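The primary structure of each chain is shown beneath.
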Amino acid sequence: MKRLLFFFFSVTLVALFAVVLVNDTNRQWNHYQRQFLRANHDRLPVAEKFGLLAGSIKQVVVNDLRAVDRCTTCHLAMEKPQLALAEEPFQEHPGDYLAWHPVEKFGCTVCHGGQGLATDTKAAHGDVKHWEEPMLRGPLVQASCRQCHGDWQRIADQIPLLVKGRELFKAKGCYGCHAIKEFGGTISQDLTEVGSKSYQLMEADFEMMKPPHDRIHWFMRKLKNPRMLNPGVRQDQLPEGEEEIFPSAMPNIGLSDDEVRAVTIYLLSLTASNLPVSYVIPAPPEPQPIYTSQAERGKAVFEKYGCAACHGPGGAGGRRNPNSGLGHEVPPLLHVKAYYADHVEDLKHLIRDGRQPTPRAQPNRPNPFLYMPAWKDRISDEDLEALIAYLFTLSEKLPQPQQQTPPNS
């Protein structure tokens, strides 16, 4: 009986070993290496031919970044661009980026994302459940440049969408509600490290969107139609005693598909990066702008602090604010001069102290989600004076009364 059991387990062990051997020589990366070998058979040295035929995992270890990347196991032409082929994964790296970012110093995933230790395509690209750093494809890789480069203007030609996204974030008034590195409003989430935001914090929103469920597509859907992910819940849809939930406070700011992609790249760049000092290029001091008038400076202050996010471009209003006693919208600023021309100090106090909560239209419903934040000492006296000068000019946008032309006598 013992001999029979010994024979059975021996045969089983040999069979399992054979299965493992077959599986190990039939992996996806093995196929890629053999395909590369067949395409470049006449151009490869004998030693490399044998290496590819036998199959081997290639990896780059970057101690400074605590990274191990095995991307070149499949992307074989990255180290030998002269052997590049037309199809992936055998194309050469575009541009001269590897000359500026040698693989032995930077690896691959620090810029491209993905899972460096994986050798299966889907896993290596980070397109698997619970991996929170999917590969940044195409222009999305521009988001990684911000980890090291504070010198945006010097490399602007290489990161056009990242620069555009940053400009749009400011121009659309996002700072009015969102703060980045302690600058901006407090109405909504701090975005300082939103590019590293955990998927667990997005899980409820994922229920309202089609796959893929990752940070990249979450940003894109949120920017294109904010209330699709947070539509709110009406009172008649809730159990008795539960308070209704208003839709997302974030307005649809009318971004085109290209603008959505640009702002997404900028948001992806806002990460909790902690690279070694030797990798980081500090930002140079920004030149101080020169203004020709107080109103021109005030317009820059209006844009800097993101007032357009709630009050609309140029203070024209139109942002929804459910249950607001001011017409269910954030009021326009075109009438500021009429209300405050003789009460400038009251206007200053309103800007510095804010107004929270906003008066309700119906007392039995929740507070409006948008309110006037308190800017207090975050805005200087000089900027405040200039802002008021600009706000007073907005009355010029109001329709002017038509002058009656006397009839010909």
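Structure first, text after, so check above.
As the structure is a prediction and not an experimental result, all values here were calculated from the model.

1. Quick notes on the overall build of the protein
A count of helical and extended segments in the protein gives 17 helices and four strands. Compactness check: the protein gives a C-alpha radius of gyration of 29 Å against a globular reference of 22 Å for 409 residues, more than 25% above the reference. Along the longest, intermediate and shortest principal axes, the C-alpha atoms of the protein span 115 × 60 × 50 Å. Considering the protein as a whole, with its 409 residues, one finds that 37% of them fall into the buried category. The contacts in the protein between residues at least 6 apart in sequence include a share of 58% that link residues at least 24 apart. Approximately 24,900 Å² of the protein is accessible, and the part contributed by carbon and sulfur atoms is 56%. Each charge sign in the protein was given a centre, from 45 positive and 47 negative side chains, and these centres are 5 Å apart.

2. Some thoughts on the packing of aromatic side chains
Counted according to the given criterion, the structure contains 14 aromatic pairs. Relative to Phe90, the ring of Phe36 has its centre 5.5 Å away and its plane inclined at 35°; by these criteria the two rings are tilted. Taken together, the positions of Phe36 in helix 2 (residues 28-39) and Phe90 in the loop between strand 2 (67-69) and helix 4 (97-100) put the pair 54 residues apart, joining distant regions of the chain. Residue Phe36 shares its accessibility class with Phe90, and that shared class is buried. Three or more aromatic residues joined by ring pairs make a cluster, and in this case those are Trp152, Phe169, Tyr175, Phe183, Tyr266, Tyr305 and Trp375. In this structure, Lys105 packs its charged tip against the face of Tyr279, placed 5.1 Å from the ring centre. The ring of Trp152 carries Arg166 above its face, with NZ or CZ at 4.7 Å from the centroid.

3. Description of the nonpolar core
By size, the foremost hydrophobic cluster in this structure holds 35 residues, and its most contacted members are Phe169, Tyr266 and Leu267. Per-element tally for this core: the top contributor is helix 12 (residues 257-268), with seven residues. Contacts of Tyr266, omitting those with residues within four sequence positions, involve Arg146, Trp152, Leu162, Gly165, Arg166, Phe169, Tyr175 and Ile180. Residues Cys307, Ala308, Leu347 and Leu384 belong to the second largest nonpolar core, which totals 19 residues.

4. As for a nonpolar patch on the surface
On the surface, Met1, Leu4 and Leu5 cluster together to form a nonpolar patch covering roughly 360 Å² of accessible area. When you line up the elements, Met1 lands in the segment before helix 1 (2-24).

5. Section: the packing of helix 10 (residues 215-224) against helix 12
Between helix 10 and helix 12, whose axes approach to 9 Å, the crossing angle comes to 130°. By the angle class used here, helix 10 and helix 12 are oblique. You can see that helix 10 and helix 12 cross each other, and the crossing is right-handed. Residue-level inspection shows Arg215, Ile216, Phe219, Met220, Leu223 and Lys224 of helix 10 in contact with helix 12, the latter providing Asp257, Val260, Arg261, Val263, Thr264, Leu267 and Leu268.

6. Comments concerning the pattern of salt bridges
Scanning the entire structure with this criterion turns up 13 salt bridges. Taking the shortest distance from any N to any O, the salt bridge between Asp383 and Arg297 comes out at 2.8 Å. Here Asp383 is found in helix 17 (residues 381-393), whereas its partner Arg297 is found in helix 13 (residues 294-304), with 86 residues between them in sequence.

7. Focus on unusual backbone geometry
In this structure, Pro212 follows Pro211 across a cis peptide bond, with omega equal to 5°. Its place among the elements puts Pro212 in the loop between helix 9 (203-206) and helix 10. Residues other than glycine seldom take positive phi values, yet His328 does so here, at roughly 60°. For His328, the location among the structural elements is in the loop between helix 14 (308-311) and helix 15 (336-340).

Thresholds, definitions, all that
Residues numbered from 1 in each chain as written. Predicted model: local features only at pLDDT ≥ 70, side-chain atom pairs only at ≥ 80, totals over all residues. Heavy atoms only, no water. Helix = DSSP H or I, 4+ residues; strand = E, 2+ residues; numbered from the N terminus. Rg over C-alpha atoms; globule rule 2.2 N^0.38 Å. Buried < 20%, exposed > 50% of the residue type's maximum accessible area, 1.4 Å probe, protein only. Contact = heavy atoms within 4.5 Å. Areas by Shrake-Rupley, 256 points an atom, 1.4 Å probe, with all protein chains shown as cover. Lys, Arg positive; Asp, Glu negative; His and termini not counted. Charge placed at Lys NZ, Arg CZ, Asp CG, Glu CD. Phe/Tyr/Trp six-rings, centres within 6.5 Å; stacked < 30°, edge-to-face > 60°. Lys NZ or Arg CZ within 6 Å of the ring centre and 35° of its normal. Core = buried A, V, L, I, M, F, W, Y, C linked by side-chain atoms within 4.5 Å. Patch = residues over 30% accessible without salt bridge, like charges linked within 9 Å, V, L, I, M, F, W, Y side chains within 5 Å. Salt bridge = Lys/Arg side-chain N within 4 Å of Asp/Glu carboxyl O. Axes fitted to C-alpha atoms, helices over the stretch in contact; angles between N-to-C directions. Parallel < 35°, antiparallel > 145°, perpendicular 65-115°, else oblique. Left-handed = near helix turned anticlockwise from the far one by under 90°.

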